[in-house]
Amino acid sequence: MSYGTSYAGAESDYSDADAVFGGISYDRTSSFKSGAREAPSHIRRASYNFEEIHFEHGLGLPSLRVHDLGDCGDCFLPEEMFEDVAFNFGPAVRDGKFTVAVGGEHSVNIPIVRCFRDIALITIDAHLDSRDEYLGTPYSHACVTRRAAEHLGIDNVFALGVRSMAREELERDDVVPHITSFEIFETGIEKAIEKALDSVKKERVYVSLDIDGIDPAYAPGTGTPEPFGLTPMDVKKILNSVGGRLAGFDITEVCPPADPSGITSVLAARLVNEALSIYSKHH
Ligand code: MN
Ligand code: MN
């Protein structure tokens with residue numbers, strides 16, 4: 001493939017690949033600012049910024065064979081997007097390939113999680129996303145951890161960096177386990193990730209990064225920016241602490257129309273590389 005059509009370095013055929021990368025161009029339940037559907041192509045372009053090997057993970061790594069699945073999810077209803085995602089990512093999950101997905105809005109995580117059995121989900125997000133339904137649909141970006149809790153059990157879901165929650169999310173018996181960004185500033189990211197990894201029951205951990213979990217100073221290009229967020233280095237430390245337990249990774253809510261400098265897509269691509277490096281290092 002030529003420059004910009006596939007993720008940088010993702011030149012493997014599906015059958016030979018250890019890992020797959022794919023985009024989900026869906027943003028139809030966005031409540032504030034849409035445009036996340038454009039993120040996959042921007043993140044692919046940004047991926048050509050970087051060296052293939054990141055020295056801090058050790059030079060001379062066996063290089064990972066990555067296949068680019070292309071994009072799916074350019075449809076209207078969330079239910080249609082769910083079918084597309086299951087069709088695109090389901091076989092890769094069943095075939096035991098490491099999966100990296102980029103949204104699209106955060107709702108794209110719901111059908112990805114449903115492709116898996118026996119995982120826990122850790123989200124990095126300014127929002128708890130634990131509503132039963134939002135604006136008339138249970139498949140909104142605001143319902144991601146609630147749907148995951150139904151599929152995996154609430155003791156296999158954990159949210160890091162939360163700093164915006166609705167009363168209805170906190171005044172219930174089954175509040176989704178979480179640590180706020182304010183608490184992380186007090187105790188440090190290492191303690192927070194230790195607590196999250198101790199809290200979940202399953203060995204394999206899928207990490208879903210809603211880019212608004214990171215402070216808008218670093219990741220301004222998103223639909224619902226929220227001050228007092230995590231740093232990119234915090235996210236790097238989270239991924240490295242999950243280490244060999246990492247089952248899959250996604251980045252959602254990058255919104256290119258709100259990111260004229262492109263810096264948010266660059267950060268997203270670098271964190272995709274981080275997840276691939278960690279998987280490569282442990283397998
Ligand atoms: Mn969010
Ligand atoms: Mn979210």
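Parameters at a glance
- Residues numbered from 1 in each chain as written.
- Chains lettered and ligands numbered in written order.
- Predicted model: local features only at pLDDT ≥ 70, side-chain atom pairs only at ≥ 80, totals over all residues.
- Heavy atoms only, no water.
- Salt bridge = Lys/Arg side-chain N within 4 Å of Asp/Glu carboxyl O.
- Helix = DSSP H or I, 4+ residues; strand = E, 2+ residues; numbered from the N terminus.
- Buried < 20%, exposed > 50% of the residue type's maximum accessible area, 1.4 Å probe, protein only.
- Donors = N, O, S within 2.8 Å, 3.2 Å for Na, K, Ca; no water.
- Pairing = 2+ DSSP bridges.
- Axes fitted to C-alpha atoms, helices over the stretch in contact; angles between N-to-C directions.
- Contact = heavy atoms within 4.5 Å.
- Phe/Tyr/Trp six-rings, centres within 6.5 Å; stacked < 30°, edge-to-face > 60°.
- Lys NZ or Arg CZ within 6 Å of the ring centre and 35° of its normal.
- Core = buried A, V, L, I, M, F, W, Y, C linked by side-chain atoms within 4.5 Å.
- Patch = residues over 30% accessible without salt bridge, like charges linked within 9 Å, V, L, I, M, F, W, Y side chains within 5 Å.
- Areas by Shrake-Rupley, 256 points an atom, 1.4 Å probe, with all protein chains shown as cover.
- Lys, Arg positive; Asp, Glu negative; His and termini not counted.
- Charge placed at Lys NZ, Arg CZ, Asp CG, Glu CD.
- Disulfide = S-S within 2.5 Å.
- Arc of directions from axis to C-beta.
- Right-handed = clockwise from strand over helix to strand, strands pointing away.

### Some words on the pattern of salt bridges
For step 1, the next point in the chain: On inspection of all chains with the given rule, the structure shows 18 salt bridges.
For step 2, the next point in the chain: Among the ionic pairs, Asp-68 bridges to Arg-44, the shortest N-O distance being 2.8 Å. Of this pair, Asp-68 sits in strand E2 (residues 66–72) while Arg-44 sits in helix H1 (residues 39–46); the two residues are 24 residues apart in sequence, bridging distant segments of the chain. In terms of burial, Asp-68 and Arg-44 fall into one category: buried.

### Things to note about the coordination of the manganese ion (ligand 1)
For step 1, the next point in the chain: Around the manganese ion (ligand 1), the protein supplies Asp-125 (OD), His-127 (ND1), Asp-210 (OD), Asp-212 (OD) and Asp-212 (OD) as donor atoms, at distances of 2.2 to 2.4 Å.
For step 2, the next point in the chain: Here the donor residues of the manganese ion (ligand 1) share one chain and are spaced in sequence as D-x1-H-x82-D-x1-D.
For step 3, the next point in the chain: Between the manganese ion (ligand 1) and the manganese ion (ligand 2), both coordinated by Asp-125, there is a metal-metal distance of 3.3 Å. One end of the pair, Asp-125, is in the loop between strand E4 (120–124) and helix H4 (144–152); the other, Asp-210, is in strand E7 (residues 205–210), and 85 residues separate them in sequence.
For step 4, the next point in the chain: Taking relative accessible area as the criterion, Asp-125 reaches 1% and is therefore assigned buried.

### Details of the sheet that holds E4
For step 1, the next point in the chain: If you trace the 8 strands from one edge of the open sheet to the other, you get E2-E1-E3-E8-E7-E4-E5-E6, paired in parallel fashion. Looking along the sheet, the strands with just one partner apiece sit at the ends: E2 and strand E6 (178–180). Pairwise comparison of adjacent strand axes, ignoring direction, gives a mean angle of 15° for this sheet.
For step 2, the next point in the chain: Relative to E7, E4 is paired through 5 bridges, and the arrangement is parallel. Following the sheet pairing, Ile-122 is matched in E7 by Val-207.
For step 3, the next point in the chain: Along the sheet, helix H2 (residues 78–94) makes contact with strand E1 (19–24), E2 and strand E3 (98–103), crossing E2 at roughly 170°.

### Structural notes on H4
Given 3.6 residues per turn, any residue in an α-helix points the same way as the ones three and four places further on.
For step 1, the next point in the chain: When you tally the buried positions in H4, you get 7 out of 9 residues, the bulk of the element.
For step 2, the next point in the chain: Those residues of H4 that sit buried are Val-144, Thr-145, Arg-146, Arg-147, Ala-148, Ala-149 and Leu-152.
For step 3, the next point in the chain: Positive phi appears at Gly-153, one or two residues downstream of H4, with a value of about 95°.

### Regarding the packing of aromatic side chains
For step 1, the next point in the chain: Summed over the entire model, instances satisfying the criterion amount to 5 aromatic pairs.
For step 2, the next point in the chain: With a centroid separation of 4.4 Å and 35° between ring planes, the pair formed by Tyr-7 and Phe-21 is classed as tilted. Here the residue Tyr-7 occupies a position in the segment before E1, and Phe-21 occupies one in strand E1, the gap between them amounting to 14 residues. For the pair Tyr-7 and Phe-21, one class covers both residues: buried.
For step 3, the next point in the chain: In this arrangement the basic side chain of Lys-97 is found over the ring face of Tyr-14, its NZ or CZ atom lying 4.7 Å from the centre.

### Some points on the coordination of the manganese ion (ligand 2)
For step 1, the next point in the chain: Donor atoms from the polypeptide that bind the manganese ion (ligand 2) are His-106 (ND1), Asp-125 (OD), Asp-129 (OD) and Asp-210 (OD), placed at 2.1 to 2.2 Å.
For step 2, the next point in the chain: Taken in sequence order, the residues that donate to the manganese ion (ligand 2) follow the motif H-x18-D-x3-D-x80-D.
For step 3, the next point in the chain: The exposure class of Asp-129 is buried, given its relative accessible area of 8%.

### Some words on the nonpolar core
For step 1, the next point in the chain: If you look at the biggest cluster of nonpolar residues, it comprises 48 residues, and the most contacted ones within it are Leu-160, Leu-209, Phe-249 and Ile-251.
For step 2, the next point in the chain: Looking at this core, the element that brings in the most residues is helix H9 (residues 263–282), giving 9 residues.
For step 3, the next point in the chain: What Leu-160 contacts, discounting residues up to four positions off in sequence, is Ile-122, Thr-123, Ile-124, Asp-125, Ile-179, Ile-184, Ala-192, Ile-193, Ala-196 and Ile-238.
For step 4, the next point in the chain: If you look at the next biggest cluster of nonpolar residues, it comprises 30 residues, including Ile-112, Leu-121, Leu-152 and Val-176.

### Things to note about a negative patch on the surface
For step 1, the next point in the chain: On the surface, Asp-74, Glu-79, Glu-80, Glu-83 and Asp-84 cluster together into a patch of negative charge.
For step 2, the next point in the chain: Within the fold, Asp-84 resides in helix H2.
For step 3, the next point in the chain: Given a relative accessible area of 31%, Asp-84 falls into the partly exposed group.

### Quick look at the state of the cysteines
For step 1, the next point in the chain: Going through the model one piece at a time under the given rule, you end up with 0 disulfides.
For step 2, the next point in the chain: Unpaired in this structure, Cys-255 has its nearest cysteine sulfur neighbour in Cys-75, at a distance of 18 Å.

### Things to note about H1
For step 1, the next point in the chain: Among the residues of H1, those classed as buried are Ala-39, Pro-40, Ile-43, Arg-44 and Ala-46. For H1, the angular spread of the buried residues around the axis is 165°, confining them to a single face.

### A word on the pairing of E4
For step 1, the next point in the chain: With 5 of its 5 residues buried, E4 lies for the most part within the structure.
For step 2, the next point in the chain: Covered by surrounding structure in E4 are Ala-120, Ile-122 and Ile-124 together with Leu-121 and Thr-123, the residues of both alternating faces.
For step 3, the next point in the chain: A crossover connection joins E4 to the parallel strand E5 (residues 157–162) through H4; in handedness this β-α-β unit is right-handed.

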